[in-house]
Amino acid sequence: MSPVSIQLPPPRPQIYRSLFSSFHFSIYKTPPSPTFSPSLATSSPPLPQLTTTTSFITDSLTTTIILRSKKLNPHPNISSSHCRRYFKIMEPGFDSCVILGTFFASLFGFVFLYNLRKKIKNKKIINGNSAATLKTENYNARLHENGSADDVIIVGAGVAGAALAYTLGKDGRRVRVVERDLTEPDRIVGELLQPGGYLKLVELGLEDCVNEIDAQRILGYALFKDGKNTRLSYPLEKFHADVSGRSFHNGRFIQRMREKAATLPNVKLEQGAVTSLLEENGTIKGVQYKTKDGQELRAYAPLTIVCDGCFSNLRRFLCNSKVDVPSCFVGLVLENCQLPFANHGHVVLADPSPILFYPISSTEIRCLVDVPGQKLPSIANGEMAKYLKNVVAPQVPPVLHDAFISAIDNGNIRTMPNRSMPADPLPTPGAILMGDAFNMRHPLTGGGMTVALSDIVVLRDLLKPLRDLNDAASLTKYLESFYTLRKPVASTINTLAGALYKVFSASPDQARKEMRQACFDYLSLGGIFSSGPVALLSGLNPRPLSLVMHFFAVAIYGVGRLLLPFPSPKAFWIGGRLISSAAGIIFPIIKAEGVRQMFFPATIPAIYRPPPINDASYDKPK
C-alpha cells in the first residue's frame, strides 16, 4: 500500500500525552524515503527529508499516516528512543486522523453489534394474560404445523367471524377459523338485525341464514311513555318487499352462518382457545391456541383477523381498549303472549331506564330491562326478582304484564353488561380487529350486527384486488383506509345509540326531562320527523350530518314547547340548559368517533392510497 501524505496542524502535547497513556499502537517497519504529493508541496512548505511512517490498524480499517515535525519528541517525559519505538509525531493532523479512525471504528463496531443482535433476537409472543417474550423458531413460509398453508386466520366464529370466513372463502382465500366453542351459543343480545344489516347480509350472499330458524320480520318500533304510545315504521318503500329487520335466536343465526362457511372447501373451522398472537419483529404472524383435548398448536398466515367478541382478551394489543359499561341488561323470555304491535320492536321509556320487547320466534318474546350502573341486585337471594316485580312490572304495558310476572317466577333470569367502546385502532402489521372486539355501542338500538356486516363489506372490497397478502407493512398502510371508509355507517349508529340511551333514561334534571319528552313528541309528529331518525337507527341512512340535524331539531323543538304560548324567564333558563344538555350529550360521542373521519373523510389521505402493486399480488383491471 502506498503511503498517504497528510498535512497536519501543530502538535498539542496535552492531547498526545493522554493518547500515549490510553492507546498502544502496533508499529510497522518504516519504509525508506517515502514521497509525498506534488499538490501538497505547492500548497505548503517543503517537507524535510526526515519522515517517519506509522501504520496502525483499527478493526478492518488500515490507515498509513506520514507525519513530520521539527521536534521528534513532543512528550517531555518520554525519551526520544522510546518515542521512536512507539510513535513519532512530526506535525499537524494527528487529531483529525485519530478522530476519523475512531469514527469509522465506531461505525463498523455498531454495524457489527447490530447485525449480531439481529441474529440472536428472540421472537416475541403476545400473550393474552401477559406480553411474555419467548424464544421461538423463525417464522417460515406461514405454514400451519400440520403442513397446510392459510391466507387468513380468523379468531372467533360469531356473527362477524362466521360472515367474514364465508366472504373471504368465497373470494378464494384459504381461511382458518379458530373458535373457542363451536356448539350453538346462548346469548340474550345480538338478536335483532336492522334492515340496513339485512341489506349487507344480502350483499354478502348470506340472506338465507335467516331462513329455517323461525326468524321474525321487524317493520319498525313502538314507543311507550306515561301511558301513551306511538308507532315508528321503517322507511322501506324504495326497497324490495323482502327487505325488513329480522329478529331471532342469536345462536341459531350463528350456527347457520358457520354451516354455510364450512361448505366452502377452502374454509376450515377448528375448535380451540386462542391464547396468544405470534409476533416477530413487530409483525403478527399467526396465533397460538389450545385445542379441545389440551394440545398446544400454532397456526401461521399473512393476515390474522381478531373478532372474538366483547370479551376479547387480544384487543388490547391492537387498539386502545377503553371500555365503558354504563348499564346492564336483565333478560327474560315471555311466552304465550302477543305484543301490542305485531312485527315491531317495543321501547318503554321507563324509570330509571328503557325496557325493550321484541319477538325472537313465533312463540317467544325477548324482554331486556336496562339497569343503570354495573352493580345489579342479586339473582341468587331473590333481590333481582323483587326489583323486577316492584319497580319494573308496574311500567310494563298492561297486555304484557302477566307474561312478564310469569317469566320472573320461572326463574330463567339472565344478565349481560352493556359495553361501549369507540374504534381507536393501533395499526399492526399482519393483524386487524373486527366486530365487538373492535367497536361497541350501547345495544339499545340493536345496531351491532349492522356495523359488523357493513365493516365486512368494506374489508372485502379493499382486499379483493390483492392476491398475495404477504407484504405486511404495505398491507397495513393500505388498510388504514378501512378505518375511514367504515365511518358513515358505524359512527352514525354508534352516536345515535349513545345519544338515545342518555335521552331515553330518566333524570332528575329538569332540562333532561324536557329533552326526553321533546324526543317522544318529535317522533310522534310522523312524516320526516319519525322516518328520518328511524332511517338513521336502522342503518338505511348512513349520514352523520343528518343525525346531528335531527338531534338538535329535537332540542329546538323542546325549547319551542317551553316558550309557547307565553314565554317566561324560567322557560328561557330551562330552554338554554336544554340546548346545553343536548350538546353535552352528542359532542363527546362525536369526538370519540372522530370529527374529521365522520364529517370530512375526503381530507383523510389514506382513503386515496392504492393497494400494494406487484406482479403477483394485484389484479390489473381488464
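Structure shown above.
Within every chain, residues take consecutive numbers counted from 1 along the sequence as written. Thresholds applied to this predicted model are a pLDDT of at least 70 for local features of residues and 80 or more for the giving and counting of side-chain atom pairs; totals over whole chains, interfaces and linings are not thresholded and use all residues. Based on all heavy atoms of the structure, the side-chain values leave hydrogens and waters out of the count.

**Student:** Describe empty space enclosed by the protein, and please don't skip the residues or the numbers.
**Tutor:** Grid spacing is 1 Å over the protein atoms alone, the probe is 1.4 Å, and a cavity is where that probe fits but cannot get out, while a pocket is an open set with protein on both sides within 12 Å along at least five of seven lines and lining residues have an atom within 4 Å of a point. Grid points are joined across faces, edges and corners, and a volume is the space filled by probe spheres set on the points. Enumeration according to the criterion identifies eight cavities of 30 Å³ or more in this entry. The volume enclosed by the largest cavity comes to roughly 330 Å³. Put simply, DSSP marks the helices as runs of H or I at least four residues long and the strands as runs of E at least two long, and each gets a number from the N terminus on. Sorting the residues of the lining of the largest cavity by element identifies strand S9 (220-225), helix H13 (487-504), helix H14 (510-524), helix H15 (528-537) and helix H16 (544-563) as the ones contributing at least two each. Broken down by element, the lining of the largest cavity gets its largest block of residues, five residues, from H13. Partitioning the lining of the largest cavity into residue classes produces 21 nonpolar, two polar and no charged. Throughout this entry, Asp, Glu, Lys and Arg are counted as charged residues, while Ala, Val, Leu, Ile, Met, Phe, Trp, Tyr, Cys and Pro are counted as nonpolar. The remaining residues, Gly among them, count as polar.

**Student:** I'd love a proper account of the packing of aromatic side chains, names of residues and values included.
**Tutor:** Aromatic rings from Phe, Tyr and Trp, with only the six-membered ring used for Trp, were paired whenever their centres fell within 6.5 Å, and each pair was classed as stacked if the ring planes differed by under 30 degrees, edge-to-face if by over 60, and tilted otherwise. For the coordinates displayed, the defined rule picks out nine aromatic pairs. Ring centres of phenylalanine 248 and phenylalanine 253 lie 4.5 Å apart, and the angle between their planes is 25 degrees; this geometry places the pair in the stacked category. By relative accessible area, phenylalanine 253 is classed as buried at 0%. On the basis of an interplanar angle of 80 degrees and a centroid distance of 5.3 Å, the ring pair of tyrosine 522 and phenylalanine 529 is categorised as edge-to-face. Throughout, exposure labels follow a simple rule: accessible area from a 1.4 Å probe, protein chains only, divided by the maximum for the residue type, with under 20% read as buried, over 50% as exposed, and the rest as partly exposed. With a relative accessible area of 35%, phenylalanine 529 lands in the partly exposed category. The rings of Phe438, Phe482 and Tyr483 are connected pair by pair, giving a single aromatic cluster. The residue whose ring lies beneath arginine 246 is tyrosine 198, and the NZ or CZ to ring-centre distance is 4.4 Å. Placement of a positive charge over a ring is assigned whenever Lys NZ or Arg CZ falls within 6 Å of the ring centre and within 35 degrees of the normal to the ring plane.

**Student:** Before we move on, could you go through helix H10 (residues 448-463) and cite the residues and values that matter?
**Tutor:** Each residue after the first adds 1.5 Å to the expected span of a helix. Look at H10: 23 Å from first C-alpha to last across 16 residues, which is about the 22 Å you get at 1.5 Å a residue. Of all 16 residues making up H10, 14 are buried, and the element is well covered by its neighbours.

**Student:** Any details on the side chain of glutamate 364? Residues and values, ideally.
**Tutor:** Positionally, glutamate 364 belongs in strand S19 (residues 364-372). Only four residue types enter the tally: Lys and Arg on the positive side, Asp and Glu on the negative side, with His and both chain ends excluded. Every case where a carboxyl oxygen of Asp or Glu lies within 4 Å of a side-chain nitrogen of Lys or Arg is listed as a salt bridge. Arginine 252 provides the closest opposite charge to the buried, salt-bridge-free glutamate 364, at an N-O distance of 4.6 Å. Counting of polar contacts relies on pairs of N or O atoms within 3.5 Å, with two restrictions inside protein: one atom must be capable of donating a hydrogen and the other of accepting it, and residues adjacent in sequence are counted only when both atoms are side-chain atoms. A polar atom in the side chain of glutamate 364 sits 2.8 Å from the side chain of serine 361. Residue contacts follow a heavy-atom distance rule, with two residues in contact if any of their heavy atoms lie within 4.5 Å. For glutamate 364, the residues in contact, after removing those within four places along its chain, are His249, Val333, Leu334, Glu335 and Pro359.

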